[in-house]
Structure formats: C-alpha cells, structure tokens
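Commentary on secondary and tertiary structure
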Amino acid sequence: MRSAPQSFFIKEKSVSPLFLGMSQYKGETSEIYDLAKMHVIDQMYLKKMDWQPIDHFFNSVGKNNLSNQDKLCTYTIESLDEKILNAKETCGKYFKLYYLSGIMTGLFFIVILF
C-alpha cells in the first residue's frame, strides 16, 4: 500500500516539513513561516546559521518591489548554494575518518567476542 505524500515529507529531514507546516496556516507570509518553523525546528538538522537565509527570505518576500524581490531570490539561492557546498566539503573531509572508525570498532568487537 502506498503512503501519502505527506508521510514522505514528514520522514525527510529537509526543508520539506517546513513547507508542509506552512500549508496549514493562513495569514501573512512571515507570520505563517514563524508558526511553521516553531513546530518543525526540532525535527530538522539545520543549525542556527543554516536558518538565516531562509529566515531573511520569508521575512522579506512580498514586502518589496519586483527588482528587490528578484535580488532577494538571487541572494537566497546563492547563500543556500554556498551552504550546500560547505556541507559537501565537510562531509568529504570527515567521511573517511568516520568510515574507518566504524570498521575499526566493528573489528575490535569481533576480536573481543571471539
């Protein structure tokens, strides 16, 4: 039996639960965003620094003229791309360390048990 799309987004640790939460409220964009963020912040892996461009975007969207909103979207995309790149670099830097640590720990337990 297939699950509902909402259950997929709730299981994912991404921004998707935030958007799903925002769809449940009515009102001004920044107020909806703040309410939804309050309910999903503990379910997500984002750090305080990761929230900054998203916070800035939702608190400013719809309050400026077209050119400023275009600049805001461009800034948000560039900022998020930079954060994704930094996350990938960090992952690449420590992946081998964690991978080898896991293998060594597993071998250590095998040697102790036998």
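The following paragraphs examine the structure supplied in this document. (Residues numbered from 1 in each chain as written. Predicted model: local features only at pLDDT ≥ 70, side-chain atom pairs only at ≥ 80, totals over all residues. Heavy atoms only, no water.)

**Focus: the pattern of salt bridges**
For the structure shown, the criterion picks out one salt bridge. Note that D55 is salt-bridged to K37, the shortest N-O span being 3.0 Å. You can see D55 sitting in helix α4 (residues 48-60) and its partner K37 sitting in helix α3 (residues 29-40), a full 18 residues away along the chain. Of the two residues, D55 and K37, neither departs from the other in class, the shared state being buried. (Salt bridge = Lys/Arg side-chain N within 4 Å of Asp/Glu carboxyl O. Helix = DSSP H or I, 4+ residues; strand = E, 2+ residues; numbered from the N terminus. Buried < 20%, exposed > 50% of the residue type's maximum accessible area, 1.4 Å probe, protein only.)

**Quick look at the packing of aromatic side chains**
On inspection of all chains with the given rule, the structure shows five aromatic pairs. Relative to F58, the ring of F57 has its centre 5.2 Å away and its plane inclined at 80°; by these criteria the two rings are edge-to-face. We classify F58 as buried; its relative accessible area is 10%. (Phe/Tyr/Trp six-rings, centres within 6.5 Å; stacked < 30°, edge-to-face > 60°.)

**Thoughts on helix α5 (residues 66-113)**
For α5, with 48 residues, the first-to-last C-alpha span of 67 Å sits near the 70 Å given by 1.5 Å per residue. Most pronounced at Y94, the bend in α5 amounts to some 40°. All of the buried residues in α5 are L72, T76 and S79. The elements touched by buried residues of α5 are α4. (Expected span 1.5 Å × (residues − 1). Bend = angle between axes of the 7 residues up to and from the residue. Contact = heavy atoms within 4.5 Å.)

**Some remarks on the side chain of K37**
A residue is classified by how much of its surface remains accessible, and K37, at 17% relative accessible area, is buried. When sequence neighbours within four positions are dropped, the list of residues in contact with K37 reads L18, W51 and D55.

**Examining α3**
Count 3.6 residues to each turn of an α-helix, and residues three or four apart come out pointing the same way. Taking 1.5 Å per residue as the helical rise, α3 with its twelve residues ought to reach 16 Å, and the 16 Å between its terminal C-alpha atoms agrees with that figure. All of the buried residues along α3 are S30, I32, Y33, A36, K37 and V40. Buried positions in α3, seen along its axis, are confined to an arc of 155° and lie on one side of it. Lining the buried residues of α3 we find α2 (16-22) and α4. (Arc of directions from axis to C-beta.)

**Some remarks on the nonpolar core**
Ranked by size, the top nonpolar core spans twelve residues in total: L18, M22, I32, Y33, A36, V40, M44, W51, I54, F57, F58 and L72. Going through the elements one at a time, α2, α3 and α4 are the ones with two or more residues in this core. (Core = buried A, V, L, I, M, F, W, Y, C linked by side-chain atoms within 4.5 Å.)

**Concerning the packing of α3 against α4**
Following both chains from N to C, one finds α3 and α4 inclined at 145°, their axes separated by 8 Å at the closest point. Mapping the contact onto sequence places T29, S30, Y33, D34 and K37 in α3 and W51, I54, D55, F58 and N59 in α4. The residue inventory of the contact of α3 with α4, partitioned by class, reads four nonpolar, three polar and three charged. (Axes fitted to C-alpha atoms, helices over the stretch in contact; angles between N-to-C directions. Nonpolar A, V, L, I, M, F, W, Y, C, P; charged D, E, K, R; others polar.)

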